[in-house]
Amino acid sequence: MSSDLTLLGIETSCDETAAAILRRSADGTVEILSETVRSQIEEHAPYRGVVPEIAARAHADIADQIVARTLEKSGLNADDLDAIAATAGPGLIGGVMVGMMTGKAMALALDKPFIPINHLEGHALSPRLATDCPFPYLLLLVSGGHCQFLAVTGLGQYQRLGTTIDDAAGEAFDKLAKTLGIGFPGGPAVERLAKSGDASRFALPRPLMNRPGLDMSFAGLKTAAARIVEGEALDAQSQADLCASFQQAISDCLAGKTERALEVFAQDVDGPLRVVVAGGVAANQTIRSALNEVAQDAGAVLIAPPLRHCTDNAAMIALAGAERLAAGRVDADGLSFSARPRWPLDESSALADPAYGGGKRGAKA
Ligand code: KG4
Ligand code: ZN
């Protein structure tokens, strides 16, 4: 094997079917040779949310074509690959299984290693796709399925410092948009309306803000906004005001907790302080600028990967596979790994959490 590693990554854990081919040099330089993302937004839009069965079917219909197209765009042959990495969880299990089976079948046919990747590890490493972003850094992962702070201190070294105890922030945005009937996915629709709204019009709660610790909560905020919508007929201006007030509340919560998370994280870091924000909600300009301000005040640098690598993508999965392969941290028997609907990155913190695995659904990732 040359010191350059060329990997195919496959991502199918939610509503994006994605593949990428990436080359990582021994010095850690990364080149994305090709990437393809096919969003299922249109299939799910009539239901104003992701329907797991529809997602699995749509992945199954197209995964092999997406992989073939990505390989073709890279100008490489399948034989040029050193390994195949695919998301193995956490996520919607039907979709995860489709991606894994596609990757495993290729690995078997080509006699190459198959590397099962934790989707959250992909997000955790995503800033390293484009930026010189050495360990350690603080990661705020804020999407439709996840909302957590991780201290990323090395490959495979992720300490969860705090998490939502109920809904993810993106989920709250989606719910408000659904209640208002303004579109799916909700975050961009809420942000659009918020631009012409007055953020001080509605007094909404900032759950857990006055409590110590780094855990977050968005269910109460979501319910408070839903009550306003159900309680009165909102004209267009009032809808915009509600969106602005809601966006401001989420932004305040994320910024306030990030400020505290940086204080905790800084205690163990000697060098430059870096905070990375990833996940779909990181697209929100109000939230981005609030985080930027917090980072500056703390003497830290805010790194926000380009949007296509903030949201679900396969390049981050290929990168996680390449970093694992380069470090010799790959299970010899990847082919027998089973898809995991729940797979916390920091299993020790998750196991200590009474919510994990306790209920029917357990804690979110
Ligand atoms: O990372 P992502 O593409 O998928 C996962 O959930 O893993 O994130 C999607 C989430 C959705 O909840 C969507 O409403 C939210 O990110 N989102 C936004 C914005 N763009 C996407 N939330 C707030 N403002 C936005 N501009
Ligand atoms: Zn994700």
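Since we're looking at a predicted model, the values are computed, not measured. (Residues numbered from 1 in each chain as written. Chains lettered and ligands numbered in written order. Predicted model: local features only at pLDDT ≥ 70, side-chain atom pairs only at ≥ 80, totals over all residues. Heavy atoms only, no water.)

How should the sheet that holds strand 8 (residues 157-163) be read in this particular structure?
Think of a sheet as strands paired side by side through backbone hydrogen bonds, with each pair either parallel or antiparallel. Here five strands make up an open sheet; going across it, the order is 8-7-6-9-10 and the pairing mixed. Each edge of the open sheet is held by one strand with a lone partner, namely strand 8 and strand 10 (300-303). Across this sheet, the average inter-strand angle for adjacent strands is 25°, counted without regard to direction. Examined bridge by bridge, strand 9 (residues 273-278) and strand 10 share four bridges and lie parallel to one another. Bridge pairing links leucine 273 to alanine 300 in strand 10. In the packing of helix 9 (residues 285-297) onto the sheet, the strands contacted are strand 6 (137-142), strand 9 and strand 10, and the crossing angle to strand 10 comes to about 155°. (Pairing = 2+ DSSP bridges. Helix = DSSP H or I, 4+ residues; strand = E, 2+ residues; numbered from the N terminus. Axes fitted to C-alpha atoms, helices over the stretch in contact; angles between N-to-C directions. Contact = heavy atoms within 4.5 Å.)

In this structure, what is going on with the coordination of the zinc ion (ligand 2)? I would like to understand it.
A metal bound by six donors in octahedral fashion has ideal angles of 90 or 180 degrees, whereas one bound by four tetrahedral donors has an ideal angle of 109.5 degrees. Every protein donor of the zinc ion (ligand 2) is accounted for by His119 (NE2), His123 (NE2) and Asp312 (OD), and the metal-donor separations fall at 2.1 to 2.2 Å. Within one chain, the residues donating to the zinc ion (ligand 2) are spaced in sequence as H-x3-H-x188-D. Of this pair, histidine 119 sits in helix 4 (residues 119-125) while aspartate 312 sits in the loop between helix 10 (307-310) and helix 11 (315-326); the two residues are 193 residues apart in sequence, bridging distant segments of the chain. Comparing histidine 119 with aspartate 312, the two get one shared label, buried. (Donors = N, O, S within 2.8 Å, 3.2 Å for Na, K, Ca; no water. Buried < 20%, exposed > 50% of the residue type's maximum accessible area, 1.4 Å probe, protein only.)

Which parts of the structure should I look at to understand the pattern of salt bridges?
For side chains of opposite charge, pairing can occur when their charged atoms come near one another. Tallying each qualifying case throughout the model produces seven salt bridges. Here glutamate 43 and arginine 38 are joined by a salt bridge, their closest N and O atoms 3.0 Å apart. Given a relative accessible area of 26%, glutamate 43 falls into the partly exposed group. (Salt bridge = Lys/Arg side-chain N within 4 Å of Asp/Glu carboxyl O.)

Would you mind going over the sheet that holds strand 5 (residues 114-118) with me for this structure?
Taking strand neighbours across the sheet as the criterion, the five strands line up as 3-2-1-4-5 in an open arrangement whose pairing is mixed. Strands at the two margins of the open sheet, each flanked by one partner only, are strand 3 (30-39) and strand 5. Strand-to-strand twist in this sheet, taken as the mean axis angle between neighbours without regard to direction, amounts to 20°. Bridge count between strand 1 (residues 5-11) and strand 2 (residues 16-24): seven bridges; the pairing is antiparallel. Bridge pairing links glycine 9 to alanine 20 in strand 2.

Please explain the domain arrangement of the protein chain as it appears in this structure.
Many descriptions give the size of an interface as the accessible area lost when the pieces come together. Domain annotation of the protein chain identifies domain 1 (5-127 + 312-343) and domain 2 (134-304). Placing the centre of domain 1 and that of domain 2 at their C-alpha centroids yields a distance of 27 Å. If you look at the interface, domain 1 gives 20 residues, while domain 2 gives 17 residues. The junction of domain 1 with domain 2 conceals about 1500 Å² of combined surface from both sides, 71% of it contributed by carbon and sulfur atoms. The interface formed by domain 1 and domain 2 holds zero salt bridges in total. For the pair domain 1 and domain 2, the number of links is four residue pairs in polar contact (both at pLDDT 80 or more). Mapped onto the side of domain 1 that touches domain 2, the elements with two or more residues apiece are helix 1 (41-44), helix 4 and helix 11. Broken down by element, the residue count for the side of domain 1 that touches domain 2 peaks at six residues, all from helix 4. (Domains from an automatic or database assignment. Buried area = accessible area lost by both parts, 1.4 Å probe. Polar contact = N/O pair within 3.5 Å; in protein donor to acceptor, adjacent residues only side chain to side chain.)

What should I look at first to understand the packing of helix 2 (residues 52-74) against helix 3 (residues 93-110) in this one?
Any two packed helices are characterised by the angle at which their axes cross and by the distance between the axes. One way to put it is that helix 2 packs onto helix 3 with a least axis distance of 9 Å and a crossing angle of 25°. With respect to helix 3, the element helix 2 is oriented roughly parallel. The way helix 2 lies across helix 3 gives a crossing that is right-handed. Contacts between helix 2 and helix 3 involve Ala56, His59, Ala60, Ala63 and Val67 from the first element and Gly94, Gly95, Val98, Thr102 and Met106 from the second. (Parallel < 35°, antiparallel > 145°, perpendicular 65-115°, else oblique. Left-handed = near helix turned anticlockwise from the far one by under 90°.)

I tried to follow the site of ligand 1 on my own but got confused; where do I start?
Not every one of the 18 residues close to ligand 1 is listed here, only the nearest: Gly144, Asp174, Gly187, Glu191 and Gly280. Between ligand 1 and the protein, one listed contact pairs an oxygen atom with a backbone N or O atom of glycine 187 at 2.9 Å. The contact in question runs from an oxygen atom of ligand 1 to an N or O atom on the side chain of aspartate 312, over 3.2 Å. Against a free-state accessible area of 550 Å², the protein chains account for coverage of 89% of ligand 1. Secondary structure elements with two or more residues in the shell around ligand 1: helix 5 (169-180) and helix 6 (186-194). The greatest single-element share of the shell around ligand 1, amounting to four residues, is contributed by helix 6. Residues of the shell around ligand 1, tallied by class, amount to five nonpolar, ten polar and three charged. (Near = heavy atom within 4 Å. Areas by Shrake-Rupley, 256 points an atom, 1.4 Å probe, with all protein chains shown as cover. Nonpolar A, V, L, I, M, F, W, Y, C, P; charged D, E, K, R; others polar.)

Please explain the environment of tryptophan 343 as it appears in this structure.
Tracing the backbone through its elements, the reader meets tryptophan 343 in the loop between helix 11 and helix 12 (347-352). The spatial distance from the C-alpha of tryptophan 343 to the C-alpha of alanine 88 is 8.9 Å, given a sequence separation of 255 residues. Non-local contacts of tryptophan 343, meaning those with residues more than four positions away in its chain, are made with Ala88, Gly89, Pro90, Pro116, Ile117, Asn118, Leu120 and Phe337.

For this particular structure, what's the right way to read helix 11?
Structural remark: α-helix, 3.6 residues per turn; residues separated by three or four positions point the same way. When the terminal C-alpha atoms of helix 11 are compared, their 16 Å separation across twelve residues agrees well with the 16 Å that a helix rising 1.5 Å per residue should span. The buried count for helix 11 comes to eleven of twelve residues, which makes it a mostly enclosed element. Among the residues of helix 11, Ala315, Met316, Ile317, Ala318, Leu319, Ala320, Gly321, Ala322, Glu323, Arg324 and Leu325 are the ones counted as buried. Glycine 328, located one to two residues past helix 11, shows a positive phi value of around 70°. (Expected span 1.5 Å × (residues − 1).)

What is the right way to read the packing of aromatic side chains from this model?
The geometry of an aromatic ring pair is captured by the separation of the ring centres together with the interplanar angle, meaning the angle of the planes. Applying the stated criterion across every chain, the model contains three aromatic pairs. Aromatic side chains phenylalanine 135 and tyrosine 137 sit 5.9 Å apart centroid to centroid with 20° between the ring planes, which places their arrangement in the stacked category. A ring pair is formed by phenylalanine 173 and phenylalanine 246, whose centres lie 5.7 Å apart and whose planes are at 80°; its orientation type is edge-to-face. Remark: phenylalanine 246 occurs in helix 8 (residues 236-266) and phenylalanine 173 occurs in helix 5; sequence separation between them is 73 residues. (Phe/Tyr/Trp six-rings, centres within 6.5 Å; stacked < 30°, edge-to-face > 60°.)

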